Amino acid sequence: GAALDAFAAGRDDAVVVPLHREPGPPRDWRRFPAELGRARAVVTARHHGLCAAILAGRPVVALGSNTWKIEGEMDDLGLGDLFVGAAEEIGPALARAEAEPERFEAARERVLADGGPDPFRALGSGGPSREEDEVRALVDDLAARGVTF
């Protein structure tokens, strides 16, 4: 949102990855963590941006949004001190994050040790249903295409 835009304005070292793109070729989101892996650090206001930064093992500062997901994820990974609420907090938090890159590699290892992000874990958990079959088919299709979680 506005805090991230204010931080990035006028910086020559900021790259903004929009959620929605202008018409053109679609982004290959499977490569997004690898792309972020080349970044010095990541500042994000989106939950998926946070997940990708963690998978890339990059220092990350997260801004709040309209849900608790980002703050909760940061707290769960021991990175709650890098969750900020305003543009003026980003710079100091970013300096702290970049000074301790080992925290982010540890967060990445923890996520991967837990089996990686599984966006399907919560679906179909109420017992046998058509939804479970659809999720299973989707996971099988993704695995056949080389996408793993």
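Small disclaimer: the values here were computed from a predicted structure and weren't measured.

1. A look at the overall build of the chain
Working step 1: Scanning the chain from N- to C-terminus turns up seven helices and three strands.
Working step 2: Its helices and strands in sequence order give the chain the pattern α-α-β-α-β-α-β-α-α-α, from N to C terminus.
Working step 3: Residue pairs in contact within the chain that sit at least 24 positions apart in sequence constitute 42% of those at least 6 positions apart.
Working step 4: For the chain, the accessible surface area stands at approximately 9500 Å², while carbon and sulfur atoms represent 54% of it.

2. Some details on the sheet that holds strand β2 (residues 60-63)
Working step 1: Pairing is parallel across the open sheet formed by three strands, whose spatial order is β1-β2-β3. Two strands bound the open sheet, and with one partner strand each, they are β1 (42-44) and β3 (83-84).
Working step 2: Pairing analysis gives two bridges linking β2 to β3, with the strands arranged parallel. Looking at β3, one finds that L63 is bridged to V84.

3. Considering the nonpolar core
Working step 1: Of all hydrophobic cores here, the largest spans 29 residues; its most connected members are V43, I54 and L79.
Working step 2: For this core, the elements supplying multiple residues, two or more each, are α1 (2-8), α2 (32-36), β1, α3 (47-56), β2, α4 (69-76), α5 (87-99) and α6 (101-113).
Working step 3: Discounting residues that sit within four places of it in the chain, V43 has contacts with L4, F7, V61, L63, I90 and L94.

4. Structural notes on the pairing of β2
Working step 1: Of the two faces of β2, the one holding V60 and A62 and the one holding V61 and L63 are both buried throughout.
Working step 2: In this sheet, β2 lies alongside β1 in parallel orientation, the contact comprising three bridges. Counterpart to V43 in the pairing with β2 is V61.
Working step 3: For the crossover from β1 across α3 to β2, the handedness is right-handed.
Working step 4: Since β2 and β3 lie parallel, the crossover through α4 that links them has a hand, and here it is right-handed.

5. Section: the side chain of T44
Working step 1: Take T44: it is sitting in strand β1.
Working step 2: Polar contacts involving the side chain of T44 include one to the main-chain amide nitrogen of R46, which spans 3.0 Å.
Working step 3: For T44, the contacting residues outside a window of four places in its chain are G49, L50, V60, V61, A62 and L63.

6. Some points on the environment of G64
Working step 1: Positionally, G64 belongs in the loop between β2 and α4.
Working step 2: Spatially, the C-alpha atom of G64 lies 8.6 Å from that of A86, the residues being 22 residues apart in sequence.
Working step 3: In contact with G64, not counting residues within four places along its chain, are F83 and V84.

7. Let's talk about the confidence of the model for the chain
Close inspection of predicted coordinates is inappropriate for parts of the model with low pLDDT.
Working step 1: For the chain, the average pLDDT comes to 76, and 70% of its residues sit at 70 or higher.
Working step 2: When mean pLDDT is compared element by element in the chain, β3 scores highest at 94, while helix α7 (residues 130-144) scores lowest at 70.
Working step 3: Scored below 50 in pLDDT, residues 120-127 makes 12 contacts in the model with residues more than four places away or belonging to other chains.

8. Comments concerning the pattern of salt bridges
Working step 1: One pass over the full model with this rule turns up six salt bridges.
Working step 2: The salt bridge involving D76 is made with R110; its shortest N-O contact spans 3.4 Å. Here D76 is found in helix α4, whereas its partner R110 is found in helix α6, with 34 residues between them in sequence.
Working step 3: Classification of R110 as partly exposed rests on a relative accessible area of 34%.
Working step 4: Its salt-bridge partner being R108, residue E109 comes within 3.2 Å of it at the nearest N-O pair.
Working step 5: For R108, a relative accessible area of 25% translates into the label partly exposed.

Parameters at a glance
- Residues numbered from 1 in each chain as written.
- Predicted model: local features only at pLDDT ≥ 70, side-chain atom pairs only at ≥ 80, totals over all residues.
- Heavy atoms only, no water.
- Helix = DSSP H or I, 4+ residues; strand = E, 2+ residues; numbered from the N terminus.
- Contact = heavy atoms within 4.5 Å.
- Areas by Shrake-Rupley, 256 points an atom, 1.4 Å probe, with all protein chains shown as cover.
- Pairing = 2+ DSSP bridges.
- Core = buried A, V, L, I, M, F, W, Y, C linked by side-chain atoms within 4.5 Å.
- Buried < 20%, exposed > 50% of the residue type's maximum accessible area, 1.4 Å probe, protein only.
- Right-handed = clockwise from strand over helix to strand, strands pointing away.
- Polar contact = N/O pair within 3.5 Å; in protein donor to acceptor, adjacent residues only side chain to side chain.
- pLDDT = per-residue confidence, 0-100.
- Salt bridge = Lys/Arg side-chain N within 4 Å of Asp/Glu carboxyl O.

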